[in-house]
Structures are given as structure tokens and as C-alpha cells.
Amino acid sequence: MKYKGLDIISLRDLDRDFLDFLLAKTKEVKEGKWQNSCKGMVVASLFFEPSTRTKLSFDTAIALTGASMIGFSSAGTSSTAKGESLSDTIKTVDQYADIIVMRHSIEGAARRAAEVAQAPIINAGDGANQHPTQTFLDLFTIHELKGGIEKLKIGLMGDLRFGRMIHSLAMALSYYNVELYLISPSILQLPSYYLDYLDSKNIKYHIVEDFVEVGKELDVLYCTRIQRERFADPVEYEKVAGCYEISSKNIDSLSKDTIILHPLPRVNEINPEVDNDPRAKYFYQAKNGVYTRAALLGIVAGNIS
Ligand code: CP
């Protein structure tokens with residue numbers, strides 16, 4: 001009941017107790033406990049921006065919890081296309097739903113929605129800002145495969161500048177005693193706001209440009225796509241597009257125990273020839289999104305305690 005009605009907007013609003021509780025309850029959901037935790041409730045799923053994994057794993061999670069679902073999967077099929085404001089859309093959906101899951105292209109949209117809705121808002125990604133539920137499944141996967149999170153050496157690679165899942169994950173990992181390797185081309189480095197945040201939490205980090213330099217150190221290599229849609233200038237995107245790729249040629253720069261994660265979708269960052277390597281865990285990671293999101297829905301509903 002402690003987290004009943006909690007808005008899930010940014011990792012900044014959360015703490016280690018919440019994350020540990022969510023990880024424990026996700027494990028129980030995965031073991032078959034807490035089915036129908038939202039029976040009789042209505043969950044709205046509002047995707048103003050495209051999605052495969054987040055949308056469909058929430059759909060599956062909603063079914064697991066026994067809730068009914070309403071919503072839309074593109075802004076074009078809602079009255080947004082007629083010029084309705086975000087606030088009015090959310091105030092309306094708030095009349096129908098007990099929990100609102102939303103993805104939007106504008107940073108801060110989920111925070112704005114939480115200001116006008118009575119129902120808890122779950123941010124399923126807002127622009128280049130945050131993607132908390134991706135982080136929850138990432139943490140769960142790391143915890144499950146590595147037996148914990150403390151003391152791990154974790155590489156965050158790719159688009160650290162625009163990747164909202166990186167921003168959320170870096171903040172979440174700062175609640176644990178980890179060492180980070182921030183691997184990216186110089187124009188895609190983690191914004192200073194997040195570096196300052198890591199400093200404030202005394203998290204040790206290294207800035208590097210190529211994972212082969214540090215691969216043997218890593219317990220986890222978390223790769224991300226370069227977010228073409230967030231670049232104002234296509235010329236800047238072309239400078240860094242395809243700047244790294246994990247393939248059979250370089251995968252043995254990693255240790256035999258390094259797990260490779262990726263929030264997906266991928267473009268060229270991981271060659272499909274790597275998919276059958278035992279270290280490649282990204283599709284397994286995507287499946288954990290169902291259990292994590294089902295646990296989260298039950299928790300904010302106040303029915304998982
Ligand atoms: N990882 C992730 O957010 O994927 P989708 O954009 O397909 O939801």
C-alpha cells in the first residue's frame with residue numbers, strides 16, 4: 001500500500017527502497033504470484049510516439065493483472081490530431097481510467113500529465129528525458145543474471161546524450177555501489193547534468209570511446225541505438241551513425257562472463273550473428289518487461305505489497 005497512487009515519472013523521484021521492493025515483487029510475479037492484482041480496474045495506454053516493446057509488454061502485463069485496457073497507439077488516432085491539448089486529453093482519460101501509462105515525444109509531458117490527473121501516471125518514455133520502466137526491467141535483468149547489482153562494472157555504450165533509457169539507468173545505478181564506463185563518441189557523451197548527478201552520489205565513472213579498450217573489465221555491456229529522431233541536424237547524425245558495432249570480429253574483447261544488454265530496437269549496434277552467443281541477453285531482457293510492468297501496475301494500484 002505504501003506506493004499506492006505513486007506517479008512514475010523520473011528515477012530522480014524514486015529511491016533504493018522502491019527499486020529493491022520492485023525487484024523483489026517482479027521476481028514473485030515471474031514465479032506466478034500476484035496474478036489479477038488489478039482485476040476490475042481500467043488501465044489507459046496512451047502512446048503518442050511509436051513503440052513495439054513498451055507498448056506490447058504493457059499490453060501483456062495489463063492482461064496478466066486482470067485489468068481492462070483502453071487507449072491508442074499513435075497520436076494520429078486521438079483528438080490530438082484535431083489540436084486537443086495534452087492536458088485536456090489527460091483530464092478526459094482520467095475520467096475513464098484508474099492508471100494511465102503514456103509515452104510522448106516531448107520531455108516533461110509525463111510530469112505535466114501527473115499535474116492534471118488524479119490517476120497515477122506511468123511514464124513510458126518522454127522525449128530524450130527518461131524511460132523509467134525500461135530501467136526497471138534492465139535492473140531486474142542485471143540483478144537476475146548477475147545475482148545482484150552492487151559492485152558491478154557496467155558499460156553504458158552508444159547514444160548517452162539523447163538515450164532516455166541511459167539517463168534513467170545511470171540515475172538508477174547511482175543508488176547502488178557500481179562502477180560505470182561511459183562509452184560513446186565525444187558528441188554523444190552523457191550530459192553534464194547526469195555526470196553531476198553521478199558525482200553527487202560518489203559513483204566512479206570512466207569516459208571512453210571504444211568498448212574494446214575496457215571490454216574485459218565489464219560485467220555488463222549495455223548498448224543503445226543512436227537516436228536519429230532526436231538530432232536537430234541530420235549531418236551531425238551521419239557523423240556518428242554506425243560508429244560502433246558488436247560483431248564476431250570484436251566480441252571476444254569482452255570477458256566470457258560479460259552479459260550484453262540492449263533496450264532494442266537496434267539498428268547496426270549489434271550484428272545479428274551475435275544473437276546466439278550465450279552472452280547476448282537482449283531478447284531475454286525484453287521478456288522481463290512483462291513481469292516488471294505487471295509488478296509495477298499492481299504496486300501503484302496498491303494491491304501488491
Ligand atoms: N525499449 C523500448 O522502449 O522499445 P520500444 O520503443 O519498442 O518500446
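Residues numbered from 1 in each chain as written. Predicted model: local features only at pLDDT ≥ 70, side-chain atom pairs only at ≥ 80, totals over all residues. Heavy atoms only, no water.

Trainee: Sorry if this is basic, but what is going on with the environment of A117 here?
Mentor: Mapped onto the secondary structure, A117 falls in the loop between helix 4 (109-116) and strand 4 (121-126). In this structure, the C-alpha to C-alpha distance between A117 and L261, residues 144 residues apart in sequence, is 34 Å. Among all residues touching A117, those that are not within four sequence positions of it are I90, D94 and I100. (Helix = DSSP H or I, 4+ residues; strand = E, 2+ residues; numbered from the N terminus. Contact = heavy atoms within 4.5 Å.)

Trainee: What is the right way to look at the side chain of Q285 in this model?
Mentor: Secondary-structure assignment places Q285 in helix 9 (residues 282-301). Once residues lying within four places of it in the same chain are set aside, the contact partners of Q285 are Q134, L137, D138, T141, Y222, L261, H262 and P263.

Trainee: What is the right way to read the sheet that holds strand 8 (residues 220-223) from this model?
Mentor: Each strand in a sheet pairs with another by means of backbone hydrogen bonds, the pair being arranged parallel or else antiparallel. Read across the sheet, five strands follow the order 7-6-5-8-9 without closing on themselves; strand pairing throughout is parallel. The open sheet has two free edges, formed respectively by strand 7 (204-208) and strand 9 (259-261), since each of these has just one partner strand. Neighbour to neighbour, the strand axes of the sheet diverge by 20° on average, direction disregarded. Strand direction decides the pairing type here: strand 6 (residues 179-183) and strand 7, joined by five bridges, are parallel. Directly across from Y181, in strand 7, lies its bridge partner H206. (Pairing = 2+ DSSP bridges. Axes fitted to C-alpha atoms, helices over the stretch in contact; angles between N-to-C directions.)

Trainee: Got a minute to help me understand the site of the ligand in this structure?
Mentor: Inspection of the region around the ligand gives S51, T52, R53, T54, R103, H131, Q134, P263, L264 and P265 as its neighbouring residues. Note that an oxygen atom of the ligand is positioned 3.0 Å from one of the side-chain N or O atoms of R103. Protein contact buries 92% of the 260 Å² of open area that the ligand shows by itself. Across the shell around the ligand, the residue classes break down as three nonpolar, five polar and two charged. (Near = heavy atom within 4 Å. Polar contact = N/O pair within 3.5 Å; in protein donor to acceptor, adjacent residues only side chain to side chain. Areas by Shrake-Rupley, 256 points an atom, 1.4 Å probe, with all protein chains shown as cover. Nonpolar A, V, L, I, M, F, W, Y, C, P; charged D, E, K, R; others polar.)

Trainee: Sorry if this is basic, but what is going on with the pairing of strand 8 here?
Mentor: Moving residue by residue along a regular strand, the side chains alternate between the two faces of the sheet. Here strand 8 shows two buried faces, one formed by V220 and Y222 and the other by L221 and C223. Of the strand pairs in this sheet, strand 5 (residues 153-157) and strand 8 are connected by four bridges, and their pairing is parallel. Residue pairing in the sheet places M157 in a bridge with C223 of strand 8. Handedness of the strand 8-helix 8 (residues 234-240)-strand 9 crossover: right-handed. (Buried < 20%, exposed > 50% of the residue type's maximum accessible area, 1.4 Å probe, protein only. Right-handed = clockwise from strand over helix to strand, strands pointing away.)

Trainee: Even after reading the chapter, I still don't get the environment of V116, so can you show me in this structure?
Mentor: Tracing the backbone shows V116 in helix 4. As a C-alpha pair, V116 and A170 span 54 residues in sequence and 28 Å in three-dimensional space. Beyond its immediate sequence surroundings of up to four residues, V116 is in contact with S87, I90, K91 and D94.

Trainee: Got a minute to help me understand the packing of aromatic side chains in this structure?
Mentor: Geometry of an aromatic ring pair is reported as the spacing of the ring centres plus the angle between the planes. As enumerated under the stated definition, the model contains six aromatic pairs in all. Judged by centre distance (5.2 Å) and plane angle (85°), the ring pair of F48 and F72 falls under edge-to-face. Placement of F48 in the loop between strand 1 (42-47) and helix 2 (53-65) and of F72 in strand 2 (residues 68-72) is noted, with a sequence separation of 24 residues between them. Grouping residues by exposure puts F48 and F72 together as buried. By way of ring pairs, the aromatic residues Y3, F18, F21 and F136 are connected into one cluster. (Phe/Tyr/Trp six-rings, centres within 6.5 Å; stacked < 30°, edge-to-face > 60°.)

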